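# Fold and geometry: a report
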Amino acid sequence: VQLQASGGGLVQAGGSLRLSCVASGATFRRYSTGWFRQAPGKEREFVAAITWSGDSTNYADSVKGRFTISRDNAKNTVYLQMNTLKPEDTAVYYCAADDGPFRPSERPYDYEYWGQGTLVTVSS
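Each chain carries its own residue numbering, running from 1 in the direction its sequence is written. In keeping with the model being predicted, local features are shown solely for residues with a pLDDT of at least 70 and side-chain atom pairs are shown and tallied solely at 80 or more, while totals for entire chains, interfaces and linings include all residues. Calculation of side-chain values draws on the structure's entire complement of heavy atoms; hydrogens and water are dropped beforehand.

The rule for a salt bridge is simple: a side-chain nitrogen of Lys or Arg has to be within 4 Å of a carboxyl oxygen of Asp or Glu. Here the structure, examined in full by the defined rule, presents 6 salt bridges. Of the charged contacts, one joins Arg37 and Asp89 as a salt bridge, the two residues approaching to 2.9 Å between their closest N and O atoms. Taken together, the residues Arg37 in strand S4 (residues 32-38) and Asp89 in the loop between strand S8 (77-82) and strand S9 (91-98) connect sequence positions 52 residues apart. In this pair, the class of Arg37 matches that of Asp89, namely buried. A network of salt bridges, in which partner residues are shared, links Arg37, Glu45, Arg66 and Asp89. A run of DSSP states H or I qualifies as a helix once it reaches four residues; a run of E qualifies as a strand once it reaches two. Both are numbered from the N-terminal end. Throughout this description, buried means an accessible area under 20% of the type-specific maximum (1.4 Å probe, protein chains only), exposed means over 50%, and partly exposed covers the range between.

Listed below in structure tokens is the structure:
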């Protein structure tokens with residue numbers, strides 16, 4: 001499966017952005033999907049994940065209550081709505097697909113497919 005992330009950009013602290021991840025090349029609903037991010041000089045970290053059906057989600061503590069992950073299988077797309085953004089949310093955001101459809105995993109090694117990343121910059 002191929003993943004294409006988009007929606008990043010420059011936003012002021014307190015603002016919002018919505019990231020999209022469009023999948024192609026496979027039956028998207030077979031996969032759980034996650035978002036990860038990597039800030040300069042830091043390791044890649046988990047942000048959020050959702051099962052194939054959307055009935056189970058998982059969030060990093062740092063984004064709970066501010067970010068919402070959702071998916072539209074008819075459009076082969078997963079979204080990450082990011083509200084109340086903070087400068088520490090600045091990073092390249094990656095979407096990833098896991099062929100374990102029932103687990104919203106926070107472990108990067110569970111994900112077999114990765115998109116190219118989209119840059120989010122939050123100014124103070």
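Our next topic: the pairing of strand S5 (residues 45-50). Burial within S5 is extensive, with 5 of its 6 residues counted as buried. When DSSP finds two or more bridges between two strands, those strands count as paired. Strand direction decides the pairing type here: S4 and S5, joined by 5 bridges, are antiparallel. Counted as the bridge partner of Arg37 is Glu45 from S5. Between S4 and S5, which pair antiparallel in sequence order, lie 6 residues; one of them, Gly41, sits at a positive phi of approximately 80°. Pairing analysis gives 3 bridges linking S5 to strand S6 (residues 57-59), with the strands arranged antiparallel. Note on S6: the bridge partner recorded for Ile50 is Thr57. Two successive antiparallel strands, S5 and S6, enclose a turn made up of 6 residues, where Gly54 displays a positive phi of approximately 85°.

Nothing here speaks to function; it is all geometry.
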